[in-house]
Amino acid sequence: MKDTLEQSAPPTQQELEFPKISPATDADIIAHLRHSCKIAEIATLAERDALILKICENLGIGVTDEELQTAGNTFRMEHKLLEANTTLAWLSQQRITVEDWTQGIRLNLLAKKLKEYLFGEAVDNHYLQNRNDYKRVALSQIVVTNLEEALKIIQAIREQNASFCALALEYSKVKQAKENGGFVGIRFLTELMPEIAKVVSEAKEGEVLAPIQTKFGYHVIKVEKWFPVELNESIRERIMESIFQTWLQNKSRLTLPNSKG
């Protein structure tokens, strides 16, 4: 029996000889995208890039060499590509040329300019009409599978002053909540599930809400902190990006040759 087991044991890593393969070609990469059913997603992004380029061309929106240089320097600083050889090594790792990289930066700059051109003046009005959508709140939650357990947790918090963090570690079925003691983080109301956002929007700081049922189970939520609503640069960019993406989707349906309707 021992001999049989020894004879049938799989070869060790040292005994295996792995064949050498060449780096994937562009054709290999495209084939992988097709096999993994990701080609449509990438094609949509490529079509949107083409659409942005065409619209910018029609509107006379361009990028100067100075703007490209500044954006390139910013990119290199953010990615810690401070020396020429480091940058070249990174480009090689990404399998792209300097021209590819520059075109990517150019596209980002054009998209930013196009957003500002089309919707820069509409941001303030959109913000005023949808002010509550940009309220930010810090939340903690415990997610369980049945109502009885959720009510038991709430009772322990309200009547026994039990630690929310400890209860999350003990009961929550969501991995992230267990790892962070229930803390979800700071979220915009629009990022929350509708059934949760509706209840949270009316809650006060420190309040533990009655169980909220979603497709994931029963959520016991604590509102940790509300943040003041203000139209800062981050919110402005978020609003403009949202409007821009909606506009692009509608424009793509009307413009792209493969679209229906």
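Whatever comes next refers back to the structure up there.
Because the structure is predicted, anything quoted here is derived from the model rather than measured.

Novice: Explain the pattern of salt bridges residue by residue, including any values.
Specialist: If you walk through the whole model with that rule in mind, you get four salt bridges. The closest approach of N and O atoms between Glu67 and Lys113, which form a salt bridge, is 2.9 Å. Of this pair, Glu67 sits in helix α4 (residues 65–78) while Lys113 sits in helix α6 (residues 98–119), placing them 46 residues apart in sequence. For Glu67, a relative accessible area of 29% puts it in the partly exposed group. Between Lys115 and Glu241 there is a salt bridge, and its shortest N-O distance comes to 2.6 Å. Within this pair, whereas Lys115 is found in helix α6, its partner Glu241 is found in helix α12 (residues 233–255), the two being separated by 126 residues in sequence. What makes Lys115 buried here is its relative accessible area of 10%. Judged by relative accessible area, Glu241 falls into the partly exposed class, the value being 29%.

Novice: Mind laying out the packing of aromatic side chains, listing which residues take part and the relevant values?
Specialist: A complete count under the given rule lists six aromatic pairs for this structure. Relative to Trp247, the ring of Phe119 lies with its centre 5.9 Å away and its plane at 75°, an arrangement referred to as edge-to-face. Of this pair, Phe119 sits in helix α6 while Trp247 is found in helix α12, placing the two residues 128 residues apart along the sequence. Its relative accessible area of 23% is what places Trp247 among the partly exposed residues.

Novice: Outline the environment of Ala197, supporting the account with residue identities and numerical values.
Specialist: Inspection of the secondary structure puts Ala197 in helix α11 (residues 194–200). Take Ala197: its relative accessible area is 15%, and that puts it in the buried class. A sequence separation of 64 residues divides Ala197 from Asp133, and the C-alpha atoms of the two residues are 9.7 Å apart. Residues in contact with Ala197, not counting those within four places in the same chain, are Leu189 and Leu192.

Novice: Could you give an account of the nonpolar core, with specific residues and numbers?
Specialist: Of all hydrophobic cores here, the largest spans 29 residues; its most connected members are Ile52, Leu114 and Ile239. Counting only elements with at least two residues in this core, the list comes to α3 (39–59), α4, α5 (84–94), α6, α7 (123–129) and α12. Here this core takes seven residues from α6, the largest share from any one element. With residues near it in sequence (within four places) discarded, Ile239 still touches Val123, His126, Tyr127, Tyr134 and Leu231.

Novice: Give a description of the sheet that holds strand β2 (residues 183–188) that names residues and reports values.
Specialist: One key point about sheets: their strands pair by backbone hydrogen bonds, in either a parallel or an antiparallel sense. Spatial ordering of the open sheet is given by β2-β1-β4-β3, a layout of four strands whose pairing is antiparallel. Pairing within the sheet leaves two strands with one partner each, and these edge strands are β2 and β3 (212–214). On average, each strand axis in the sheet is inclined to that of its neighbour by 40°, with strand direction left out of account. Sheet topology note: the strand β1 (residues 136–144)/β2 ladder contains five bridges and is antiparallel. Bridging across to β2, Leu139 finds its partner in Gly185. Sitting on the sheet, helix α8 (residues 147–160) is in contact with β1 and β4 (217–227), with an inclination near 35° to β4.

What counts, and where the lines are drawn
Residues numbered from 1 in each chain as written. Predicted model: local features only at pLDDT ≥ 70, side-chain atom pairs only at ≥ 80, totals over all residues. Heavy atoms only, no water. Salt bridge = Lys/Arg side-chain N within 4 Å of Asp/Glu carboxyl O. Helix = DSSP H or I, 4+ residues; strand = E, 2+ residues; numbered from the N terminus. Buried < 20%, exposed > 50% of the residue type's maximum accessible area, 1.4 Å probe, protein only. Phe/Tyr/Trp six-rings, centres within 6.5 Å; stacked < 30°, edge-to-face > 60°. Contact = heavy atoms within 4.5 Å. Core = buried A, V, L, I, M, F, W, Y, C linked by side-chain atoms within 4.5 Å. Pairing = 2+ DSSP bridges. Axes fitted to C-alpha atoms, helices over the stretch in contact; angles between N-to-C directions.

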